[in-house]
Amino acid sequence: MNYTFAPFAKPLYVMLKPIGSVCNLRCKYCYYLDKKQYYPNEKRYIMPDELLERFTQQYIESQTMFDVLFTWHGGETLMRTLDFYKKALVFQQKYARGRRIDNCIQTNGTLLTDDWCKFFKDNNFLVGISIDGPQHCHDQYRRTADGKPSFVQVMRGLNLLKKHGVEYNIMGVVNDYNVDYPLEFYRFFKETDSRFIQFAPVVEVMPDGQCASWNVPSEKWGDFLITVFDEWVREDVGQFYVQYFDATLANWVGEQPGTCIWAKTCGHAGVMEFNGDVYSCDHFVFPGYKLGNIRTKTLTEMMYSNEQLQFGLDKQEKLPQQCKECDFLFACNGECPKNRIIKTSSGEDGLNYLCKGYYNYFKHVAPYMDFMKKELLAGRPPANIMEEIKKKS
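The structure displayed is predicted, hence computed values, not measured ones.

Cut-offs and rules
- The residue numbering used here restarts from 1 in each chain and proceeds along that chain's sequence as written.
- Where totals are concerned, whole chains, interfaces and linings use all residues; where local detail is concerned, this predicted model gives features only for residues with pLDDT of at least 70, and gives and counts side-chain atom pairs only at 80 or more.
- Heavy atoms from the whole structure form the basis of all side-chain values; hydrogens and water molecules are not counted.
- We treat two strands as partners when DSSP finds at least two bridges between them.
- In this description a helix means any DSSP run of H or I spanning at least four residues, a strand means any run of E spanning at least two, and both kinds are numbered starting from the N terminus.
- Orient the strands so they point away from the viewer; a crossover is then right-handed if the path from the first strand over the helix to the second runs clockwise.
- Identification of polar contacts relies on pairs of N or O atoms within 3.5 Å, with a donor-acceptor requirement for protein atoms, meaning one able to donate a hydrogen and the other able to accept it, and with residues adjacent in sequence counted only if both atoms are side-chain atoms.
- Residue contacts follow a heavy-atom distance rule, with two residues in contact if any of their heavy atoms lie within 4.5 Å.
- Grouping buried Ala, Val, Leu, Ile, Met, Phe, Trp, Tyr and Cys residues that are joined through side-chain atoms within 4.5 Å yields what is termed a nonpolar core.
- Exposure is judged per residue with a 1.4 Å probe applied to protein chains only, and the accessible area is read against the type maximum: over 50% gives exposed, under 20% gives buried, and values in between give partly exposed.
- Stacked, edge-to-face and tilted are the three classes for Phe, Tyr and Trp ring pairs, Trp counted by its six-membered ring, which pair at centre distances within 6.5 Å; planes under 30 degrees apart are stacked, over 60 edge-to-face, the rest tilted.
- Two thresholds decide whether a charge sits over a ring: the Lys NZ or Arg CZ must be within 6 Å of the ring centre and within 35 degrees of the ring normal.
- The axes are straight lines fitted to the C-alpha atoms, using for helices just the contacting stretch, and the angles between their N-to-C directions are given from 0 to 180°.
- Put simply, angles under 35 degrees are roughly parallel, angles over 145 are roughly antiparallel, angles from 65 to 115 are roughly perpendicular, and the rest are oblique.
- Confidence scores labelled pLDDT are given residue by residue by the predictor and lie between 0 and 100.

Here six bridges tie strand S2 (residues 67-72) to strand S3 (residues 100-107), and the two strands are oriented parallel to one another. When the bridges of S3 are listed, Asp67 appears paired with Arg100. The parallel pair S2 and S3 is bridged by helix H2 (residues 82-96), and the resulting crossover is right-handed.

Inspection of the secondary structure assignment puts Asn108 in the loop between S3 and helix H3 (114-122). Of note is the side chain of Asn108, whose polar atom sits 3.0 Å from the side chain of Asn24. The residues touching Asn108, leaving out its near neighbours within four places in the chain, are Cys23, Asn24, Leu25, Glu76, Ile129, Ser130, Arg142 and Val154.

Once that is clear, we can look at the nonpolar core. Formed by 106 residues in total, the largest nonpolar core has its most connected members in Trp72, Phe120, Phe199 and Trp221. Per-element accounting of this core gives the leading share, nine residues, to helix H13 (residues 355-377). Counting 10 residues, the second-largest nonpolar core is a separate cluster that includes Cys23, Cys27, Ala212 and Trp214.

Take the packing of aromatic side chains next. Counting across every chain of the model gives 49 aromatic pairs. Ring centres 5.7 Å apart and planes at 70 degrees place the aromatic pair Tyr85 and Trp116 in the edge-to-face group. Here Tyr85, found in helix H2, pairs with Trp116, found in helix H3; they are 31 residues apart in sequence, far enough to count as distant. Owing to a relative accessible area of 0%, Tyr85 belongs among the buried residues under this scheme. Lys190 extends its terminal NZ or CZ atom over the ring of Phe240, reaching a point 5.9 Å from the ring centre. Lying over the aromatic face of Phe240, Arg195 brings its terminal NZ or CZ to 4.3 Å of the ring centre.

In this section: the packing of H2 against H3. The interhelical angle for the contact between H2 and H3, taken along N-to-C directions, is 10 degrees, at an axis separation of 11 Å. Overall, the two elements H2 and H3 adopt an arrangement that is roughly parallel. Where H2 abuts H3, its residues Leu82, Tyr85, Lys86 and Leu89 lie against Asp115, Trp116 and Phe119.

Peptide bonds are, in most cases, trans, and in most cases residues other than glycine have a negative phi. Residue Gly74 is joined to Gly75 through a cis peptide bond whose omega torsion reads 10 degrees. Within the secondary structure, Gly75 is located in the loop between S2 and H2. Its identity is not glycine, yet Asn124 carries a phi of approximately 60 degrees, on the positive side. One can find Asn124 in the loop between H3 and strand S4 (125-130). Of note, the phi angle at Glu335 is positive, near 55 degrees, even though the residue is not glycine.

Let's shift gears to the confidence of the model for the chain. Summing up the model confidence of the chain, the mean pLDDT is 95 and the portion of residues at 70 or higher is 97%. Note on residues 1-9: pLDDT is under 50 here. Beyond four places in sequence and across chains, it has 10 contacts.

The next thing to look at is helix H8 (residues 243-252). Taking burial as the measure, the 10 residues of H8 include nine buried ones, the bulk of the element. Here H8 has its buried residues at Gln243, Tyr244, Phe245, Ala247, Thr248, Leu249, Ala250, Asn251 and Trp252. Where H8 is buried, its residues touch strand S6 (196-201), helix H7 (218-235), strand S7 (241-242), helix H12 (329-332) and H13. Where H8 ends, the next residue or the one after it, Gly254, has phi of about 85 degrees, a positive value.

Below is the structure:
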C-alpha cells in the first residue's frame, strides 16, 4: 500500500522523555518506572543536547500547522535542570522560522520552586500536575522512594504555580481506592481552581499476566464517571472542563475527541526516549513497538511508517464482534488498545477491561448528550442543559 499521502493526513505528535523513566517518586501503580530494563547499560538516562537539537529541528520541520506543541513527560521532568529547558527554548527559536511554539510539561509537583515557576510563567509553559484527589486518596499510592506520603509537597508546588500565575491543569489517576470517593475527588479538584480536569483510570497487567490489585474496577469506574457527571451537568458546564465529558460530547456530534482513547484510530502520538528511540505510544514502550532511533531515521519516516500506520488502524480492525455490535461504539471506539485485556461474553479476545463501566456511563449520559448536541448544532451553548434540568426538576 502506498502511504505517500500520509504526512498531510494528520498531525505528527511526539512526546519527549528527557530523563526517561527516572523519577523521585515511586507511585505503586506507575506503568513507566520499569522501562529502565530496556536500557541495562545506561547509567544516567539523560537526553544529550545534540539529540535535543536534532529532535527540535525535525519536529518543527515535520509540522504542517503554524502552531507547534512540545510536550515534556517523564519519569519526573523536573529532574532535568532549568538549563536543559533553557537550551530547549534556544533550539526552538533557532528552528521556529516564524512559527508559534508552545510547551507543556507534566510533573508530579514535588520539585517545583520559585525559580521553576518563574521560568514557566515567563515562557508561557502549560504545566500539568498530577494529584490523585484529597490527601487520603493521593497518599494511598503516590509516595516517595522511601515510602513517605507526597501530598503536602505536591500542594506546596501547586501553590507556587498559583503564586506565579502559571497556567496549569490537573490530572488525577483513579484507582481501586479513590474510585469510592467521586464527589470528594471532583470537588477537591474544583477547589484547586483548575478549570481543566483530567482523569486517568488505572488498568495494568502484572508480569504474571494477572490484573494489578490497584486497578479500578470496571463497573465502579462507570459509577465514578456517572456521579461526577451528575454534578457537572447540573452546576459546572462551561465553567469546568472535564476531559471525559468534553470527549463524549465531541463523539456525540461527530467531531474528533480531545482524547486519543476515544478516537477511531490511533498512532499519531508517539514518544521519544532520552536516547532517541521512538515508540508507537507512551503506553506501548516495548521492544515490539520501537519504530527506530532519531539518529538513523527521521521522525517523519518513523511516524508515517507502514508499521506505525498499521498500529493506528489496528484499533478499529481488531475490535471484537461484541464491540462492533455495541450501540455506543461511536462514542467509545473500543477505548485504548492497551486496556483490551479481557474476553467477550462469547470468549473472543480483545474486549476492553473498562467496557461495563463505559457502557453504563454512556447509557446514563445519552439524553443529556442528545440535548447538548442539539444546542451545539443550533449554535447555542451546551451549558443550556443546566437550565433545562432546572425546569424539569
